[in-house]
Structure formats: structure tokens, C-alpha cells
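Residues per chain, in single letters:
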Amino acid sequence: KAGVTQTPRYLIKTRGQQVTLSCSPISGHRSVSWYQQTPGQGLQFLFEYFSETQRNKGNFPGRFSGRQFSNSRSEMNVSTLELGDSALYLCASSRRGPSSTDTQYFGPGTRLTVL
Amino acid sequence: ELKVEQNPLFLSMQEGKNYTIYCNYSTTSDRLYWYRQDPGKSLESLFVLLSNGAVKQEGRLMASLDTKARLSTLHITAAVHDLSATYFCAVDMWQTDKLIFGTGTRLQVFP
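So, here's what we can say about the structure.

Conventions used here
Residues numbered from 1 in each chain as written. Chains lettered and ligands numbered in written order. Predicted model: local features only at pLDDT ≥ 70, side-chain atom pairs only at ≥ 80, totals over all residues. Heavy atoms only, no water. Helix = DSSP H or I, 4+ residues; strand = E, 2+ residues; numbered from the N terminus. Rg over C-alpha atoms; globule rule 2.2 N^0.38 Å. Buried < 20%, exposed > 50% of the residue type's maximum accessible area, 1.4 Å probe, protein only. Contact = heavy atoms within 4.5 Å. Areas by Shrake-Rupley, 256 points an atom, 1.4 Å probe, with all protein chains shown as cover. Lys, Arg positive; Asp, Glu negative; His and termini not counted. Charge placed at Lys NZ, Arg CZ, Asp CG, Glu CD. Polar contact = N/O pair within 3.5 Å; in protein donor to acceptor, adjacent residues only side chain to side chain.

### Observations regarding the overall build of chain B
Secondary structure assignment for chain B yields zero helices and eleven strands. For chain B, the sequential pattern of α-helices and β-strands runs β-β-β-β-β-β-β-β-β-β-β. A compact globule built from 111 residues would reach a C-alpha radius of gyration of about 13 Å, and chain B, at 13 Å, matches this within 12%. The principal-axis extents of the C-alpha atoms in chain B amount to approximately 40 × 30 × 20 Å. Looking at chain B as a whole, 46% of its 111 residues are labelled buried. Pairs at least 24 apart in sequence give 54% of the contacts found in chain B among residues at least 6 apart. Of the accessible surface of chain B, which amounts to about 5600 Å², a share of 50% is contributed by carbon and sulfur atoms. The centroid of the 11 positive side-chain charges in chain B is displaced by 3 Å from the centroid of its 11 negative side-chain charges.

### Comments concerning the side chain of A:Thr103
Among the structural elements, A:Thr103 can be located in the loop between strand 9 (87–94) and strand 10 (105–106). Side-chain polar atoms of A:Thr103 contact the side chain of B:Tyr35, separated by 3.0 Å. The residues touching A:Thr103, leaving out its near neighbours within four places in the chain, are A:Ser93, A:Ser94, B:Tyr33, B:Tyr35, B:Ser45 and B:Val48.

Don't take any of this as a statement about function, it's just geometry.
The structure is reproduced here in C-alpha cells:
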């Protein structure tokens, strides 16, 4: 069974540019979440999507946005990049449902460096 | 606001020794998770704890949950070098996949 995949794995951008990261969940998983990991702030929740609807959003500025497609694949976009956006961006998927006892499975992450 | 605290932040221990990592959270939650992260890698799921008194064991790791005390522990028995990693606990908001992570405990096991 294939795991969560993320593309690209590494990305270098300059300040002011925008970036789009992609995540393909495990087959059958309809819930996708995004997290940002930095040495200073640790792991922070960005968004959660379920059946193409954003169900939760973390405390990030509006430059951070996301979406989910009908096949459960998800993208996140960061506009007007800042140096502080340099981080490892992790995507996770789960079978989330009312009676789900499943965990979230994390992808390998996209390492974004902003110069 | 849900907060999750882990201690210790750093743990250097000798092979063969036992130790416990503690995870406190500030409000009621559906479930508690433990993850492992190796340097430069993603998060690997270790345990999901769903109810008060839950205990799960895998190899040298055992996790438990006390929902009344809002406390989970990850106990390491007879540590080996391969357990060197950063361990995170996390709790989720009711019926969501929004995980709130602890600060992580960086474990180093030396001979």
C-alpha cells in the first residue's frame, strides 16, 4: 500500500515569490492535513481538508492557502514568500470519520528554503 | 486553547537503562498520539491511545494514557541505540484531524 506522497521534496525560492506544494494521500483516505515544522516553532497545524472542504485552519496569515480536489489530492500555496516561511511542510492523511480510530499518516515532507 | 507540553526536551541515556517521557495536555481530547521522527525524516506513527487507562506496547516502548490527569507517558525499557530519535506526542480536537503537537523530546542513546 503506497504511503502519502509529496512533491516536490525540495524547493528553493526567493522572497516575494509564491510556491505550490502537492500532496497525494493514501488511497481511500479522504482527510488531508498540512503542518509546518520549524526549529523555533515546532510542528504547527496549517489546514485540514475533508471531502474538498476546509474544516479547520491554523493561525497562519492569509498568504497561506490550500485546497483539496475530488480525488482527495491536496495542494497548499504560499504567496509573497518571507524568509520565515523556510520550513519543512508535512502533509498527513487519515480515514477520518465519526468512528475512526485511525492515526494520521505523514508524507516525507517538502523542504522549502526562502532566500 | 489546547496546549501540549512534553518533558524532558532532551534525554541522553545509556543503553540498557529505562526512562519515561511525559506528555501533559490542557483540555479534554478525543485521542492521544505518539510519533517518532528521525533527523531529516518525516513522522512515523507509534501509538494511538483512545481511552482512559489505555496502554499499548511495541518492542521496548510502552505508552499509557490517563485522561483524568491529562497525562500520557512513553516508557522506554532497556534502551538501545536504534531508539535515538525525537519523540512527539500530539492530541487532536474533537472529531477533527487538527493535531496539536508537543515540543518533542530528543532522545540520544549512547553505549
